Amino acid sequence: MKKILFLLLIGCLSVAGSAQDSTPYPQLPATDSLCLRLDSLLRDPLFETTQVGLMVFDLDGDSVLYQYQARQLLRPASTMKLVTAITALDRLGVNYEYQTRFYYTGSVVDSVLTGNLYCVGGFDPSLTADDVAVMAESIRQAGIRSIRGSIVADKQMKELLDYGEGWCWDDDNPMLIPLTIGRKDIFLPTMLRELERQGVDVRDARLVDNGTMPGGARHLSTYRHSIDTILNHMLKESDNFYAESMFYQTAASTGRRPAKASDVRMLTKQLIKRLGLSGNPYKIADGSGLSLYNYVSAELLVRLLRYAYSKPDIFDHLLPALPIAGVDGTLKKRMTDGAARGNVMAKTGTLTGISSLAGYLTTASGRQLCFAIINQGVMRNKDGRDFQDRVCNALCE
């Protein structure tokens, strides 16, 4: 019996601190029972035909607790949204606001605008018809009761690409248009109807889709949503449209108009370089994880989670937006009992052949951990989810 236990412990150490996962930061030995349990989970027949990258980091001890193939380049699915969120919070700041702006040219005489009204999209993914009603009211309150000219939708905030790089053509993907209502390209007719309903004479107004606001146009009003509003829905519900919007908000921070995906890829790589991982050949394709071209590692996700944890302003906004095991979001029906329930706060990821989970948890002894698990090649996503849930329960216990 002692010989068997000794052999298991040797196997445990080889997994937790393998040469292929050598790291520049200290390795904190896991407790024997935890190490043995995680090793036993990795001996599942599932891994005879699939890949997994796993890393667990002790935030209190500032050390790796456990890792297995943590540097393997794998597709992250929607855990890519963590890359997008942390990069955006770092670059834009936690007080950033999404803005839909209104300008006009010409003149307003006796409440009549003889000129054009410009609706400048800022890629706010949360806009509804009720928001348009408020926007229309702000125009009326600015003293405009009649429009004799054009109502122009300016969608120049981002490059004219409807879909992300590497998206599957047969998926039901959102079109990446920076001025939408309920993610539909119906902003102008909705605005026209709302202006008319509020008593603004638009009989002589002409609708111009995707025009360009000229220099010298005068500002009328701005409609705002906080970054927290977008972040919460993006992560809790794993909303791809919201994630791509945040992706392009970060791109727009460079000042380029239209903003390009290449801009935010550059900024993401700059953050990765600051984290000390610039030598790895990661591929950043989109902001949502829909792309089949994304390749990251469990180590990168953990490094980003560690960075967020080290920045209280970022962490205080990121953590409440993450799904909570057994409670809400995409984890509402997972880990509904046991030590992980209400404890694991993490982002899920699911694509064909991919299942992933990354986030934070607290152990029974009160230690704060962050972790990342990417299962690739799983033909039944449930197999990956079940493995992740067992890992989380082992860590929480």
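What about the overall build of the protein chain?
- When helices and strands are tallied, the protein chain shows 11 helices and 13 strands.
- For the protein chain, the spread of C-alpha atoms along the three principal axes comes to 95 × 40 × 40 Å.
- Expressed as a percentage of its 397 residues, the buried residues of the protein chain come to 55%.
- Contacts in the protein chain between residues at least 24 apart in sequence constitute 72% of all its contacts with a sequence separation of at least 6.
- Counting only carbon and sulfur atoms, one obtains 51% of the accessible surface of the protein chain, whose full area is about 17,000 Å².
- Averaging the positions of the 44 positive and the 43 negative side-chain charges in the protein chain gives two centres separated by 2 Å.

A short note on the packing of helix α3 (residues 80–92) against helix α7 (residues 240–252)
- Two numbers describe how α3 lies on α7: the axes approach to 9 Å, and their chain directions differ by 35 degrees. Here the hand of the crossing between α3 and α7 comes out left-handed. Here K81, T84, A85, T87, A88, R91 and L92 of α3 lie close against α7, whose contacting residues are N240, A243, M246, F247, Q249 and T250.
- In terms of residue class, the contact of α3 with α7 is built from six nonpolar, five polar and two charged.

What to know about the nonpolar core
- Membership of the largest hydrophobic core comes to 51 residues, with the highest contact counts inside it found for L235, M246, L318 and Y360.
- L318 has contacts with L82, A85, I86, L89, L231, L235, A308 and Y360, leaving out every residue within four places of it along the chain.
- By size, the runner-up hydrophobic cluster in this structure holds 30 residues, among which are L54, M335, L361 and F387.

Some words on empty space enclosed by the protein
- Under the criterion given, the structure shown has one cavity of 30 Å³ or more.
- By volume, the largest cavity amounts to about 50 Å³.
- Forming the walls of the largest cavity are V83, T84, T87, A88, F247, T250, V264, T268 and I284.
- Of all the secondary-structure elements, those providing two or more residues to the lining of the largest cavity are α3, α7 and α8 (261–274).
- Take the lining of the largest cavity: its biggest share by element is four residues, from α3.
- Among the residues forming the lining of the largest cavity, the class breakdown is five nonpolar, four polar and no charged.

Thoughts on the layout of surface pockets
- A volume near 290 Å³ is recorded for the largest pocket.
- Secondary structure elements with two or more residues in the lining of the largest pocket: β3 (97–104) and α7.
- Among the elements that make up the lining of the largest pocket, the one with the highest residue count is β3 (four residues).

Section: the sheet that holds strand β2 (residues 63–68)
- With antiparallel pairing, five strands are arranged side by side in an open sheet as β2-β1-β13-β12-β11. The open sheet terminates on both sides in strands that have one partner only, identified here as β2 and β11 (345–351). On average, each strand axis in the sheet is inclined to that of its neighbour by 5 degrees, with strand direction left out of account.
- One ladder, built from 10 bridges, connects strand β12 (residues 353–362) with strand β13 (residues 368–378); its direction is antiparallel. The partner of S356 across the bridge, within β13, is I374.
- Of the strands in this sheet, β1 (51–58), β12 and β13 touch helix α9 (residues 298–310), which is tilted by about 155 degrees from β13.

Details of the packing of aromatic side chains
- If you walk through the whole model with that rule in mind, you get eight aromatic pairs.
- Here the aromatic rings of Y163 and W167 are separated by 6.2 Å at their centres, their planes lie at 55 degrees, and the arrangement is tilted.
- Its relative accessible area of 11% is what places W167 among the buried residues.
- Between the aromatic rings of F247 and Y248, the centroid separation amounts to 5.9 Å while the plane-to-plane angle is 90 degrees, which identifies the pairing as edge-to-face.
- Note on Y248: relative accessible area 3%, which makes it buried.
- By way of ring pairs, the aromatic residues F123, F241, F247 and Y248 are connected into one cluster.
- Note that K158 overlies the ring of Y248, its terminal NZ or CZ placed 4.8 Å from the centroid.

A word on the sheet that holds β3
- Here five strands make up an open sheet; going across it, the order is β9-β8-β6-β3-β10 and the pairing mixed. Strand pairing shows two members of the sheet lacking a second neighbour, β9 (206–211) and β10 (218–226), which therefore form its edges. Averaged over all adjacent pairs, the angle separating strand axes in this sheet is 15 degrees, with direction ignored.
- Pairing between strand β8 (residues 150–154) and β9: four bridges, direction parallel. Across the sheet, residue D154 finds its bridge partner in β9, namely G211.

Reading the values: rules and limits
- Residues numbered from 1 in each chain as written.
- Predicted model: local features only at pLDDT ≥ 70, side-chain atom pairs only at ≥ 80, totals over all residues.
- Heavy atoms only, no water.
- Helix = DSSP H or I, 4+ residues; strand = E, 2+ residues; numbered from the N terminus.
- Buried < 20%, exposed > 50% of the residue type's maximum accessible area, 1.4 Å probe, protein only.
- Contact = heavy atoms within 4.5 Å.
- Areas by Shrake-Rupley, 256 points an atom, 1.4 Å probe, with all protein chains shown as cover.
- Lys, Arg positive; Asp, Glu negative; His and termini not counted.
- Charge placed at Lys NZ, Arg CZ, Asp CG, Glu CD.
- Axes fitted to C-alpha atoms, helices over the stretch in contact; angles between N-to-C directions.
- Left-handed = near helix turned anticlockwise from the far one by under 90°.
- Nonpolar A, V, L, I, M, F, W, Y, C, P; charged D, E, K, R; others polar.
- Core = buried A, V, L, I, M, F, W, Y, C linked by side-chain atoms within 4.5 Å.
- 1 Å grid on protein atoms, 1.4 Å probe; cavity = no way out; pocket = protein on both sides within 12 Å on 5 of 7 lines; lining within 4 Å.
- Points joined across faces, edges and corners; volume = space filled by probe spheres on them.
- Pairing = 2+ DSSP bridges.
- Phe/Tyr/Trp six-rings, centres within 6.5 Å; stacked < 30°, edge-to-face > 60°.
- Lys NZ or Arg CZ within 6 Å of the ring centre and 35° of its normal.

By themselves, these observations are geometric and do not establish any function.
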